[in-house]
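Single-letter residue listing:
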Amino acid sequence: MRLVPEAAQRPPTPQAPRRLGAVELVPGRIGAAVLSMAGQVLDRTESRYDAACATPADIDRALAQVAGVFAGHEVQGVGVAAAGLVDPLTGLILEVNDVPALHGYPVTERLAALTGAGVRVEHRARLQVLGDRWFGAGRGRRTFASVSTGEVLGVGVLYEGEVLAPPGGRSGAHMTVSASGERCTCGNRGCWKTLATTGWLRARARAAGLGEETSLGALVRRDDARAGQVVEEYAHNLALGLVNVQQLFAPGLFILHGEAREGGERFRTVVEERLRDAVAFAGAELPRVLVGAAAVDDVALLGGAGLVLSHL
Ligand SMILES: [Zn+2]
């Protein structure tokens, strides 16, 4: 006598594990990755295109090529971290400097058609904070800031659980921090970007007789007084913008990504001390500065994956 139907005796069909999809779209390059729900990059690919000469059809092709990485995975959605000006509501890339083919490009619509998954897009500097919120040092916090340093400078703020991303808002690189400062690429003077990016560091090192092509890491390793002074000044310049963010939103925690990783403990401490000096209110959280642990190449992809998790 059979008590159990045959079908029930068979082991259940193993279900494909749930995955997160992420795409990074920057001038000349599209990266894509499949991540575990815990933010581990399991598979990745990338495609190059000619930023200046590409047509929208070329972008379509590059996108189709990288979307192949999602085939065979149970992705819960795809988050796109895009450079330039983005409209998250319509899923359009509005404008990317030097990439005419991306003006008005419907990236979420194209990727949804290629993958069958739900797709969302956000600016990559803002998304970085979601990578930290889900997979990094911001886990469990409702308010903190995530900072890009190096060639690209910007701050993303998570405030009471929401990414601050008002239409028209930017990521802070063009905050004025010096009334009579250097002329910026945007045409104004004294933007934060003019004195807290790699370009400033190289110029200052050159002026101090420390060589032509140097990096923050190389200056830290030199261990001489002049190099130390340049490093310290760079940390102070970075802190200038962050102090403004602390004054406005009191995020308390600042997670530094990019070049700041090369600055070592001294660099981190200078930034942290400047932020602590700026806290006037005794009841406020004492600011802390941490250096992000994610590999530089993964930061934007983790942000894209975090965008998917935030909407599940
Ligand atoms: Zn500017």
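For the structure, check the block above.
Residues numbered from 1 in each chain as written. Predicted model: local features only at pLDDT ≥ 70, side-chain atom pairs only at ≥ 80, totals over all residues. Heavy atoms only, no water.

Asks: Teacher, can you tell me more about the coordination of the zinc ion here?
Replies: Ideal geometry at a metal centre gives angles of 109.5 degrees when four donors are arranged tetrahedrally and 90 or 180 degrees when six donors are arranged octahedrally. Listed as protein donors to the zinc ion are His174 (ND1), Cys184 (SG), Cys186 (SG) and Cys191 (SG); their distances from the metal cover 2.0 to 2.3 Å. Motif for the zinc ion, donor spacing along one chain: H-x9-C-x1-C-x4-C. Each member of the pair cysteine 184 and cysteine 191 is classed as buried. (Donors = N, O, S within 2.8 Å, 3.2 Å for Na, K, Ca; no water. Buried < 20%, exposed > 50% of the residue type's maximum accessible area, 1.4 Å probe, protein only.)

Asks: Even after reading the chapter, I still don't get the sheet that holds strand S1 (residues 18–26), so can you show me in this structure?
Replies: For sheets, the rule is that strands pair by backbone hydrogen bonds, running either parallel or antiparallel. Read from one edge of the open sheet, five strands run S3-S2-S1-S4-S7, paired in mixed fashion. Bordering the open sheet on either side are strand S3 (41–48) and strand S7 (119–123), each of which pairs with just one other strand. Ignoring strand direction, the axes of neighbouring strands in this sheet form an average angle of 20°. Strand contacts of helix H3 (residues 107–115): S1, strand S4 (74–82) and S7, with the helix running at about 145° to S7, the strand carrying the most contacts. Where helix H4 (residues 124–135) meets the sheet, it contacts S1, S4 and S7, and its direction lies at approximately 115° from that of S7. (Pairing = 2+ DSSP bridges. Helix = DSSP H or I, 4+ residues; strand = E, 2+ residues; numbered from the N terminus. Axes fitted to C-alpha atoms, helices over the stretch in contact; angles between N-to-C directions. Contact = heavy atoms within 4.5 Å.)

Asks: Honestly, H3 in this entry has me stumped. Any pointers?
Replies: Since the α-helix advances by 3.6 residues per turn, residues separated by three or four positions end up pointing in the same direction. Every buried residue of H3 is accounted for by Val107, Thr108 and Leu111. Down the axis of H3, the smallest arc covering the buried residues is 90°, so these residues share one side. Relative to its buried face, H3 has exposed residues pointing more than 90 degrees away, namely Glu109 and Ala113. Contacts made by the buried residues of H3 are with S1, helix H2 (56–67), S4, strand S6 (92–95) and S7. Looking one or two residues beyond H3, the residue adopting positive phi is glycine 116, at roughly 75°. (Arc of directions from axis to C-beta.)

Asks: Mind showing me how you'd approach the pairing of S4 here?
Replies: Remark: a regular strand shows side chains that alternate across the two faces of the sheet. Taking burial as the measure, the nine residues of S4 include seven buried ones, the bulk of the element. In this sheet, S4 lies alongside S1 in parallel orientation, the contact comprising seven bridges. Residue pairing in the sheet places glutamate 24 in a bridge with alanine 81 of S4. Pairing between S4 and S7: five bridges, direction parallel. Bridged to valine 78 within S7 is valine 119.

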